[in-house]
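Take a look at the letters that make up each chain.
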Amino acid sequence: MQKKWWKESVVYQIYPRSFMDSNGDGIGDLQGIVSKLDYLKTLGVDVVWLCPVYRSPNDDNGYDISDYREIMAEFGTLADWRELLDGLHARGMKLIMDLVVNHTSDEHAWFAESRKSPDNPYRDYYIWRPGKDGREPNDWSSFFGGPAWEYDEATDEYFLHLFSRKQPDLNWDNGVVRREVYEMMTWWLDQGIDGFRMDVINLISKVPELPDAGTDVRDGSYHFGGKYFVNGPRVHEYLQEMNREVLSKYDVMTVGEAIGASPEDALHYVGEDRSELNMIFHFELMDVDSGPGGKWDVKPWRLADIKANITKWQTSLNGKGWNSLYLNNHDQPRLLSRFGDETRYPKESGKMLATLLHTLQGTPYIYQGEEIGMTNVKFASIGEYKDIETINMYREYKALGHPEEKIMNSIYVKGRDNARTPMQWNAEAQAGFTTGTPWIAVNPNYKEINVEAALADPDSLFHYYRRLIELRKQHEIIVYGDYSLVAEDDDRVFAYVRAFGNERLLVILNFFGEETSFALPAEVAAADAELLIGNYAREPLPDQGLLTLRPYEARVYKYTVS
Ligand code: ISL
Ligand code: CA
């Protein structure tokens, strides 16, 4: 296993629109982030991942880019961005930028040209097809509902958009497009950034024939066409080219978002002999509470599935590639609401989940507000929601006759706006996020859950995150140790051992709000184990090797074997 700075780092994800507003217009911005850099330094993170700040009409909050080399006016200017980069570097932190190149905005200059005529030089920057039998060229659905095709009158053809109709897919089979992307990446790297998070990067290559996804005759419904574009035919060729032409020339980190990737797929992207990416974000763990109907078809998660999934990824990549570790992000519900108990045991369960995030093999990613225990939000009506995916789903399900209560409940549990309410800085108006009216309402629990309170309480979740980040710097075993699952059949406790030379780390996590007992593995009971961190007051190990774990108790022991 090669040692790398990005394996030893902890990443903090910022969703700029919701982080900090500096000028009272209700929208988070770059100067807002600049004003909070010392906060990030106190937490101790090494890298900031900045969600898109490029020029954008904001159909999908910046994931629809109209100019890759300009900053969104609402967020500030390139000079503000430069101040952010310099401020991070001055504090010993790094910056990775979001790279959204599966699609652009339909307001990008390339698309404005492309839609003009079939022989426009930009036509082939995008994926255009004539209709079939008076319908879309195929039956693919968009991730945000409805068909993946939009008809364009000017040339009487359709263009492909896997996401919203304002996010046309780029045609990666066109070498000129790839050249444009590589030049743009080089431009940012030359500004001094430290890497990229690549949006839905495993969707860039489509099977050129674009076959129908459904098996039956076209019946007017749309189907997920994933088998024709998830890990598509030329994706590895393109990523290897990108690596050769761009990434290999810099000492940077890359993490690719990879929908539907299995560990076997992952190794094709991150295998150390592959020269593609450093890490991917997979979705398997985020699907443990999805039923057969997909993300909105909510079912309870089972600890056995979480253990099996994490174990599979930890062991499959060990020694061959590197894992990313995340339990939430800007697209997912808050981890405390999803996997912990935000009502009875917010502190204990938050710390237990934090222990999990920071003691696996891989690079941990913290999403803004996670470190203070921010939770999901329940807005009274759909009118208060801003997210395009949520709003489209609501309309679609309403039209299909689903009951209001059921739809709202899926939104409460899974909607993306759960993660996008403003960062809670203090107990003052609008949680200290803005002096104006925030673009999306603040979670009403900000009076109790906020940064100021967290910093003042030495026992807070925040300080626990800080200690976990510090421990990673002190113990190589936390970063590099091999993982093995302990007590597989225990349905209350998730426990595992990390091994590095003759050092061992034993992590014990009670995943529920009831007391439970746990038998220490023999090699620990005998050894002189040191409790590195735990979320309850320290207690000596019992001689008989049987622990009683309190609700959501987490303990991490370090010991050596001969
Ligand atoms: O989580 C999801 C599955 O339903 C989707 O919300 C999400 O669109 C998907 O994970 C891809 O995400 C990325 O690309 C999208 C953008 O909306 C997301 O914010 C981004 O993370 C399109 O650029
Ligand atoms: Ca602002």
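What you see is a predicted model; the values in this text were computed from it and never measured.

Asker: How should I be thinking about the overall build of the chain in this particular structure?
Answerer: The helix and strand tally for the chain stands at 16 helices and 22 strands. The C-alpha atoms of the chain give 24 Å as radius of gyration, which agrees with the globular expectation for 562 residues (24 Å, within 12%). Each of the three principal axes of the chain carries a C-alpha extent, and together these read 80 × 50 × 50 Å. Counting across all 562 residues of the chain, residues that qualify as buried make up 61%. Of the roughly 21,300 Å² that the chain leaves accessible, carbon and sulfur atoms contribute 48%. If the 60 positive side-chain charges of the chain are averaged to one point and the 89 negative ones to another, these points end up 2 Å apart.

Asker: I would appreciate a short explanation of helix α11 (residues 388-399) in the present structure.
Answerer: Structurally, the α-helix is built with 3.6 residues per turn, so residues lying three or four positions apart point the same way. For α11, with 12 residues, the first-to-last C-alpha span of 17 Å sits near the 16 Å given by 1.5 Å per residue. Listing the buried residues of α11 in full gives Ile 388, Glu 389, Thr 390, Met 393, Tyr 394 and Tyr 397. Turning to α11, the residues buried within the fold contact β13 (294-298) and α12 (404-414). Capping the start of α11, Asp 387 holds a side-chain oxygen 3.2 Å from the backbone nitrogen of Glu 389, two or three residues further along. With its phi angle positive at about 90°, Gly 401 sits one or two positions after the end of α11.

Asker: Honestly, the site of ligand 1 in this entry has me stumped. Any pointers?
Answerer: Residues in contact with ligand 1 amount to 19 residues; listed here are only the nearest, Asp 60, Asp 199, His 330, Asp 331 and Glu 389. Here an oxygen atom of ligand 1 and a side-chain polar atom of His 330 are 2.9 Å apart. In the model, an oxygen atom of ligand 1 is placed 2.9 Å from a nitrogen or oxygen of the Arg 416 side chain. Within the complex, 93% of the 490 Å² of free accessible area of ligand 1 lies under protein. Along the lines of polarity and charge, the residues of the shell around ligand 1 split into 6 nonpolar, 4 polar and 9 charged.

Asker: Would you take a moment to explain the coordination of the calcium ion (ligand 2) for this structure?
Answerer: Tetrahedral coordination by four donors puts the ideal angle at the metal at 109.5 degrees, and octahedral coordination by six puts it at 90 or 180 degrees. In this structure, Asp 21 (OD), Asn 23 (OD1), Asp 25 (OD), Ile 27 (O) and Asp 29 (OD) serve as the protein donors to the calcium ion (ligand 2), at separations of 2.2 to 2.4 Å. All donor residues of the calcium ion (ligand 2) come from one chain, and their arrangement in sequence is D-x1-N-x1-D-x1-I-x1-D. Among the residues examined, Ile 27 registers a relative accessible area of 10% and is labelled buried.

Asker: Is there a simple way to explain the sheet that holds strand β8 (residues 157-160) in this structure?
Answerer: Hydrogen bonds between backbone atoms are what pair the strands of a sheet, whose relative direction is either parallel or antiparallel. Read from one edge of the open sheet, 3 strands run β6-β8-β7, paired in antiparallel fashion. Of all the strands in the sheet, just β6 (128-129) and β7 (149-152) have a single pairing partner and so form its edges. Where β7 meets β8, 4 bridges bridge the pair, whose relative direction is antiparallel. Bridging across to β8, Tyr 151 finds its partner in Tyr 158.

Asker: Whenever I open this one, the pairing of strand β9 (residues 195-198) confuses me. Can you help?
Answerer: Judged by which residues are buried, β9 turns out to be covered on both faces: Gly 195 and Arg 197 on one side and Phe 196 and Met 198 on the other are all buried. Relative to β9, strand β5 (residues 94-99) runs parallel, the two sharing 3 bridges. Residue pairing across strands places Met 97 opposite Phe 196, the latter belonging to β9. Where β9 meets strand β10 (residues 253-257), 4 bridges bridge the pair, whose relative direction is parallel. When the sheet's bridge partners are listed, Phe 196 is paired in β10 with Thr 254.

Asker: Can you walk me through the pattern of salt bridges in this structure?
Answerer: Opposite charge on two side chains lets them pair, provided their charged atoms get close. Considering all chains together, one arrives at 44 salt bridges under this definition. A salt bridge links Glu 389 to Lys 295; the nearest nitrogen and oxygen atoms lie 2.7 Å apart. Of this pair, Glu 389 sits in helix α11 while Lys 295 sits in strand β13, and the two are 94 residues apart along the sequence. A salt bridge links Glu 503 to Lys 558, with the nearest nitrogen and oxygen atoms 3.8 Å apart. Of this pair, Glu 503 sits in strand β18 (residues 503-510) while Lys 558 sits in strand β22 (residues 554-560), and the two are 55 residues apart along the sequence. Since its relative accessible area comes to 16%, Lys 558 is described here as buried.

Basis of the calculations
- Residues numbered from 1 in each chain as written.
- Chains lettered and ligands numbered in written order.
- Predicted model: local features only at pLDDT ≥ 70, side-chain atom pairs only at ≥ 80, totals over all residues.
- Heavy atoms only, no water.
- Helix = DSSP H or I, 4+ residues; strand = E, 2+ residues; numbered from the N terminus.
- Rg over C-alpha atoms; globule rule 2.2 N^0.38 Å.
- Buried < 20%, exposed > 50% of the residue type's maximum accessible area, 1.4 Å probe, protein only.
- Areas by Shrake-Rupley, 256 points an atom, 1.4 Å probe, with all protein chains shown as cover.
- Lys, Arg positive; Asp, Glu negative; His and termini not counted.
- Charge placed at Lys NZ, Arg CZ, Asp CG, Glu CD.
- Expected span 1.5 Å × (residues − 1).
- Contact = heavy atoms within 4.5 Å.
- Polar contact = N/O pair within 3.5 Å; in protein donor to acceptor, adjacent residues only side chain to side chain.
- Near = heavy atom within 4 Å.
- Nonpolar A, V, L, I, M, F, W, Y, C, P; charged D, E, K, R; others polar.
- Donors = N, O, S within 2.8 Å, 3.2 Å for Na, K, Ca; no water.
- Pairing = 2+ DSSP bridges.
- Salt bridge = Lys/Arg side-chain N within 4 Å of Asp/Glu carboxyl O.

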